Amino acid sequence: MTLFLGIIEEGLIYAIMALGVYITYKILDFPDLSVDSTFPMGAALTASAILAGISPVAALFLSFLAGAAAGCVTGLIHVKLKVRDLLSGIIVMTGLYSLNLRFAGGRANVPIFTQETIFENPFLGSVVPQGLTAFAVVLILFFIVLVCKVLLDLYLNTRSGFLLRAAGDNETLVTSLAKDKGTVKIAGLAIANGFASLAGSVYCQHKGFFEISIGTGTIVMGLASVIIGIQVFCPDHRPYLFRLFGRTIGMRPTTAVIAGSIIYKACISLAISLGLEANDLKLITSMLFLIILVISAQRRKKVKAHA
Amino acid sequence: MLKLNHISKYYNAGTVNEMCLFQDFNLSVEKGQFVSVVGSNGSGKTSMLNIICGSIPVDSGTIYMGNKNITPLPEFKRLRSIGRVYQNPAMGTCPHMTILENMALADNKGQSFNLRPGIRRQRLDFYREQLKTLGLGLEDKLQVKAGVLSGGQRQAMALLMASMTPIEFLILDEHTAALDPKTAETIMELTGKIVKEKKLTTIMVTHNLRYAVEYGDRLLMMHQGKSVVDITGSQKAEIRIEDLLEKFNAISIECGN
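Below or above, wherever it landed, is the structure these notes cover. (Residues numbered from 1 in each chain as written. Chains lettered and ligands numbered in written order. Predicted model: local features only at pLDDT ≥ 70, side-chain atom pairs only at ≥ 80, totals over all residues. Heavy atoms only, no water.)

1. Some details on the overall build of chain B
The following threshold applies: Numbering of helices and strands runs from the N terminus, with a helix taken as a DSSP run of H or I at least four residues long and a strand as a DSSP run of E at least two residues long. What the globule rule says is 2.2 Å times the number of residues to the power 0.38, and the radius of gyration is computed from C-alpha atoms. Here the term buried applies to any residue with accessible area under 20% of the maximum for its type, exposed to any over 50%, and partly exposed to those in between, with areas from a 1.4 Å probe on protein chains only. We call two residues in contact whenever any of their non-hydrogen atoms come within 4.5 Å of each other. The accessible surface values rely on the Shrake-Rupley method and a 1.4 Å probe; as for residues, cover is taken only from the protein chains in view. Under this rule, positive means Lys or Arg and negative means Asp or Glu; His and the chain ends count for nothing. Where a charge lies is defined by one atom per residue type: Lys uses NZ, Arg uses CZ, Asp uses CG and Glu uses CD.
Secondary structure summary: chain B contains 9 helices and 10 strands in total. Compactness check: chain B gives a C-alpha radius of gyration of 19 Å against a globular reference of 18 Å for 257 residues, within 12% of the reference. Along the three orthogonal principal directions, the C-alpha set of chain B runs to about 55 × 40 × 35 Å. Per-residue burial over chain B gives 51% buried out of 257 residues. When contacts within chain B are restricted to residue pairs at least 6 apart in sequence, long-range pairs at least 24 apart make up 69% of them. A total accessible area of about 12100 Å² is found for chain B, and carbon and sulfur atoms account for 50% of it. Averaging the locations of the 30 positively and 26 negatively charged side chains of chain B gives two centres separated by 8 Å.

Spelled out as structure tokens, the structure:
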């Protein structure tokens, strides 16, 4: 039960970040590596903010805004300075590593176990019965993820959201619509990194500490979640899977990404329970991602051969 | 209305591959004129369109639209009053968005892309009506993704989307070249109708001499960055495909082809 809840918790935390990766990778077609540093940035800022007496909820918003700003920087480097997409992400990722240490007060490790967080505060303590705190944590996480997902869905159906989708789908059309495609990309990167940083903030409050290395592999986890989710649950991509009682079971891509994140975390803990050590975590993370990529590429080939 | 003054354009300037495309090129298009442009490959037809739209910069010269010098404006700002249809049918629509979403996008050109709902329910009937004029049955497929449509259907949509909002110019870049003869015919008829109805100033590049002869009230033949034939009015009305072909051959022989 604890293992199950753990998987759900981790899955939900990383799902927030995966929603951001969905924007860059799937909608904008932009491989954005800056999430590897905006995720720990959210955590660093949150640890410092909470230690400075700022409310945990305000820390969430603060982290989102800071992430969005970092996303803007990646976008500006790419659009204005004409650096390739992958490289602009790497530049921001590397530079932010140092900044993150500064945000954390010069320390690579900041514990906030004794502080109030969104998961541990007097209000929750008085409302939630003693035995059910684990469920309360999942519920809070679920609520945050739900808010992010609904807001993203709503946004993608606004005019601005349409333009964002168009920018990934057909840049020429954006220009034809008399809009600057660069600005649209910057906006997309800002939202995506805002989500990544928010996820870092939630992670920090959940685990009770900031650690400089938590960001390593974030993009891999995000990509894996997006690819698993879309491949498995979106009928557009997998038209013949999940037919039940004559109905195709399909999800919105955003829901699929969240489900993908949880499945991915489940795979990782399965690998660990099969005897691999926690030290092997990053290795498992990348190997699993490789397997997913290969499988999804083969499936695509099959679909094409049939069509 | 549209004026290109003393345009020069070099490709690969400063290298051994330097190639001069335009040298002191001038063109003036009156308001409401429909110009058909023909010419061999590499004669500068598409480059001319790219220069007008701002897709490629000029080395010297100025471009006026109305009384406004648009030379320093970036492409997306110029396209505010220009509708452009490309040779590749995929360029005019978003493949992963539905027909309805594509129409809504095009409908919002010139307005702010803000946080209001992307699809305006009250415009649905208008979209259906517009799609109906294409005669392709697209009005019943609003929820279908544009990516699954055929090239002809997509090009028809692209034409519709490019001319949906009030624009002054229509730029057609070999927009029937990738289509089968029958679909090309349909698209051309549609083009003629839209240009006439909306009184658009139009520049159409084509390799189909018959379209160049049948459509438009001015004909331009380009060769090595110059217009070698430029006829309007009764002269244009009287010209036959054979005359054009003869001229074409004469030019090609000069080149040694």
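Still more ground to cover, so stick around.
2. A look at the overall build of chain A
In terms of regular secondary structure, chain A is built from 12 helices and 4 strands. Counting only residues that meet the buried cut, chain A has 52% of its 307 residues in that class. Partitioning the intrachain contacts of chain A with sequence separation of at least 6 by distance along the chain shows that 78% fall at a separation of at least 24. Separation of charge centres in chain A, based on 24 positive and 16 negative side chains, amounts to 10 Å.

3. Considerations on the interface of chain A and chain B
Buried accessible area, meaning the area lost when the parts come together, often serves as the stated size of an interface. Put simply, the rule is: Two parts placed together each lose some accessible area; with a 1.4 Å probe, that loss summed over both constitutes the buried area. The salt bridge definition used is simple: a Lys or Arg side-chain nitrogen within 4 Å of an Asp or Glu carboxyl oxygen.
Contact residues are listed per partner, giving 20 residues for chain A and 33 residues for chain B. Taking both partners together, chain A and chain B bury about 2300 Å²; carbon and sulfur atoms supply 61% of that area. Considering only the surface of chain A that becomes buried against chain B, Arg159, Phe162 and Asp169 of chain A emerge as the three largest contributors, covering 33% of it. Linking chain A with chain B are 1 salt bridge. The salt bridge involving Arg165 of chain A is made with Glu101 of chain B; its shortest N-O contact spans 3.0 Å. Within the residue set of the side of chain A that touches chain B, elements represented by two or more residues are helix H7 (159–169) and helix H8 (171–176) of chain A. When residues of the side of chain A that touches chain B are assigned to their parent elements, the largest contribution, 7 residues, is made by H7 of chain A.

4. Things to note about the sheet that holds strand E2 (residues 19–29) of chain B
Residues and elements named next belong to chain B. In plain terms, the rule: Here, a strand pair is defined by DSSP locating no fewer than two bridges between the strands.
Pairing is antiparallel in the open sheet, where 4 strands are placed in the order E2-E1-E4-E5. Across the chains shown, the open sheet's two edge strands, defined by having one partner strand only, are E2 and strand E5 (68–69). As paired strands, strand E1 (residues 2–11) and E2 are joined by 7 bridges and run antiparallel to one another. Each residue of the ladder has a partner; that of Leu4, found in E2, is Leu27.

5. Structural notes on the pattern of salt bridges
Counted under the stated rule, the structure contains 15 salt bridges over all chains. We note a salt bridge from Lys149 of chain A to Asp153 of chain A, for which the minimum N-O separation is 2.6 Å. In this pair, Lys149 of chain A and Asp153 of chain A both sit in helix H6 (residues 133–156), 4 residues apart, roughly one turn of the helix. Classification of Lys149 of chain A as buried rests on a relative accessible area of 11%. For Asp153 of chain A, a relative accessible area of 12% gives the class buried. Among the ionic pairs, Glu242 of chain B bridges to Arg240 of chain B, the shortest N-O distance being 3.8 Å.

6. Digging into the packing of H6 of chain A against helix H9 (residues 181–207) of chain A
Residues and elements named next belong to chain A. Note the following rule: Throughout, an axis means a line fitted to C-alpha atoms (over the contacting stretch in the case of helices), and angles, computed between N-to-C directions, take values from 0 to 180 degrees. Here the word oblique covers every angle except those under 35 degrees (roughly parallel), over 145 (roughly antiparallel) and from 65 to 115 (roughly perpendicular). When residues are sorted by character, Ala, Val, Leu, Ile, Met, Phe, Trp, Tyr, Cys and Pro go into the nonpolar class, Asp, Glu, Lys and Arg into the charged class, and all the rest, Gly among them, into the polar class.
Put simply, H6 and H9 touch, their axes get as near as 12 Å, and they point 175 degrees apart. Judged by the angle between their axes, H6 and H9 are roughly antiparallel. Facing H6, whose interface residues are Val137, Leu141, Ile144, Cys148, Leu152 and Tyr155, H9 presents Ile191, Phe195, Leu198, Val202 and His206. Its residues assigned to classes, the contact of H6 with H9 shows 10 nonpolar, 1 polar and no charged.

7. Here's the deal with the nonpolar core
The condition is simple: Residues belong to a common nonpolar core when they are buried Ala, Val, Leu, Ile, Met, Phe, Trp, Tyr or Cys residues joined through side-chain atoms within 4.5 Å.
Counting 129 residues, the largest nonpolar core has Ile16, Phe210 and Tyr264 of chain A together with Met103, Leu105 and Leu131 of chain B as its most contacted members. Among the elements that make up this core, the one with the highest residue count is helix H1 (residues 2–27) of chain A (14 residues). Leave out the neighbours within four places in its chain, and Leu131 of chain B touches Ile99, Met103, Leu138, Glu139, Leu142, Met157 and Leu160 of chain B. By size, the runner-up hydrophobic cluster in this structure holds 28 residues, among which are Cys53, Leu79, Phe169 and Met222 of chain B.

8. Things to note about the sheet that holds strand E10 (residues 226–232) of chain B
All names here are of chain B. The strand order across the open sheet built from 6 strands is E6-E7-E8-E3-E9-E10, with neighbouring strands paired in mixed fashion. Of all the strands in the sheet, the pair left with one neighbour each is strand E6 (82–85) and E10. The average undirected angle you get between the axes of adjacent strands in this sheet is 15 degrees. As judged from the 4 bridges shared by E6 and strand E7 (residues 169–173), these two strands associate in the parallel manner. Residue pairing across strands places Arg84 opposite Ile171, the latter belonging to E7. Its contacts with the sheet put helix H5 (residues 151–162) on E6 and E7, and the angle it makes with E6 is roughly 175 degrees.

9. Topic: the environment of Val37 of chain B
Residues and elements named next belong to chain B. Among the structural elements, Val37 can be located in strand E3 (residues 34–39). In this structure Val37 comes out as buried when scored by relative accessible area, which is 0%. Between the alpha carbons of Val37 and Ser47 there is a distance of 12 Å; along the sequence they are 10 residues apart.

10. Some words on the packing of aromatic side chains
Residues and elements named next belong to chain A. Selection rule: Put simply, two rings from Phe, Tyr or Trp (the six-membered ring, in Trp's case) pair if the centres are within 6.5 Å, and we call them stacked under 30 degrees between planes, edge-to-face over 60, tilted for the rest.
Evaluated as defined, the whole model comprises 8 aromatic pairs over all chains. With a centroid separation of 5.2 Å and an interplanar angle of 20 degrees, the aromatic rings of Tyr14 and Phe39 are classed as stacked. Taken together, the residues span a long stretch of sequence, with Tyr14 in helix H1 and Phe39 in helix H2 (residues 35–51) at a distance of 25 residues. Their ring planes at 65 degrees and their centres at 5.6 Å tell us that Phe39 and Tyr203 sit as a pair that is edge-to-face.

11. Some details on unusual backbone geometry
For Ala178 of chain A, which is not glycine, the phi torsion reads 65 degrees and is therefore positive. A relative accessible area of 12% means that Ala178 of chain A is categorised as buried. Unlike most non-glycine residues, Asn12 of chain B shows phi in positive territory, near 55 degrees. Following the sequence through the fold, Asn12 of chain B ends up in the loop between E1 and E2.

12. Remarks on a nonpolar patch on the surface
The following threshold applies: The patches reported here contain residues having more than 30% relative accessible area and no salt bridge. Joining distances are 9 Å for like charges and 5 Å for nonpolar side chains (Val, Leu, Ile, Met, Phe, Trp, Tyr).
A cluster of nonpolar residues, Phe142, Phe143, Leu146, Val147, Val150, Leu151 and Leu154 of chain A, forms a patch on the protein surface that exposes about 660 Å² of accessible area. Within the secondary structure, Val150 of chain A sits in helix H6.

13. A closer look at the environment of Thr176 of chain B
Residue and element names in this part refer to chain B. Relative to the helices and strands, Thr176 resides in the loop between E7 and helix H6 (181–198). Given the relative accessible area of 9%, Thr176 is considered buried. Along the primary structure Thr176 and Gln155 are separated by 21 residues, whereas in three dimensions their C-alpha atoms are 8.2 Å apart. Sequence-distant contacts of Thr176, defined by excluding residues within four places in its chain, comprise Ala184, Ile187, Met188 and Tyr211.

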